Amino acid sequence: MIPGARLVLLGRQGSGKGTQCVRLSRHFVVPHISTGDMLRAAVREGTELGKMAKAIIDAGGLVGDDIMVGLVSERLTEDDARVRGYILDGFPRTVSQAESLDKATASRPLDLAIDLVVPEEVVLERISSRRVCAKCGAIYSVAAPPSTEWVCDKCGGEVQQRADDTPESIAKRLAAYTLETQPTIDFYSASGLLVGVDGLGTPDEIFARLLGAIDAQL
């Protein structure tokens, strides 16, 4: 059996992290832990956390460290992540989160942090055209819509533009990413755990590059 792995995948919003995390999760047989999915679930369920997160997300902001660290730390104690490993998607976003993750995983430290590199102008175009199923989260775009007009091919849910995918919100999120996450990339680079992977090309080409980088480290 292919061994598990403990990975962090970094990259701008719209860089394709989610798509590649799903593929890596299947390859290494580890859970794909997406903080975005966790937050959106909380928003749908109307929990107190979800209400707090919705207000921040709708304004184009990023949810604070205290909420995110609590969510992720709790998730990493579950059996699937504890035994074989995990792929973290969207976390850590800040140096403070990275330091908290180091403490939470001290007994089983990260194998690798990967920066999926895609130019800002490319992700801006991708996010602006992105459409998402409100029910299952399947991703489409203006250029590649579902087969029936804005009805999800997978579950029949409504496919729509997310509230935080407007040009104004995207600009805020990309600016926040540069301000907060670039120091996190530098943090992992200084620790010797970081590798950059070109995020342009077909999904298969990008996946092959990711596997090559991970296999070289493991």
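For the structure itself, look to the data block above.
Anyway, here's the lowdown on the structure attached to this text. (Residues numbered from 1 in each chain as written. Predicted model: local features only at pLDDT ≥ 70, side-chain atom pairs only at ≥ 80, totals over all residues. Heavy atoms only, no water.)

## Some words on the overall build of the chain
Turning to step 1, where the next piece is worked out: When helices and strands are tallied, the chain shows nine helices and eight strands.
Turning to step 2, where the next piece is worked out: Against the compact-globule benchmark of 17 Å for 218 residues, the chain has a radius of gyration of 17 Å, which places it among compact chains.
Turning to step 3, where the next piece is worked out: For the chain, the spread of C-alpha atoms along the principal axes amounts to about 45 × 40 × 35 Å.
Turning to step 4, where the next piece is worked out: Split into buried and exposed, the 218 residues of the chain put 42% on the buried side.
Turning to step 5, where the next piece is worked out: When the accessible area of the chain is evaluated, it comes to approximately 10800 Å², of which 55% is carbon and sulfur surface. (Helix = DSSP H or I, 4+ residues; strand = E, 2+ residues; numbered from the N terminus. Rg over C-alpha atoms; globule rule 2.2 N^0.38 Å. Buried < 20%, exposed > 50% of the residue type's maximum accessible area, 1.4 Å probe, protein only. Areas by Shrake-Rupley, 256 points an atom, 1.4 Å probe, with all protein chains shown as cover.)

## As for the side chain of Ser15
Turning to step 1, where the next piece is worked out: Its place among the elements puts Ser15 in the loop between β1 (6–10) and α1 (17–28).
Turning to step 2, where the next piece is worked out: Looking at Ser15, its side chain comes within polar contact range of the main-chain oxygen of Arg12, at 2.8 Å.
Turning to step 3, where the next piece is worked out: Setting aside residues no more than four positions away along its own chain, Ser15 makes contact with Leu116, Val118, Val123, Arg126 and Gly199. (Polar contact = N/O pair within 3.5 Å; in protein donor to acceptor, adjacent residues only side chain to side chain. Contact = heavy atoms within 4.5 Å.)

## Remarks on the state of the cysteines
Every disulfide links exactly two cysteines, by a covalent bond between their sulfur atoms.
Turning to step 1, where the next piece is worked out: Summed over all chains, the structure comprises zero disulfides.
Turning to step 2, where the next piece is worked out: Distance from the sulfur of Cys155, which forms no disulfide, to the nearest cysteine sulfur (Cys133) is 3.5 Å. (Disulfide = S-S within 2.5 Å.)

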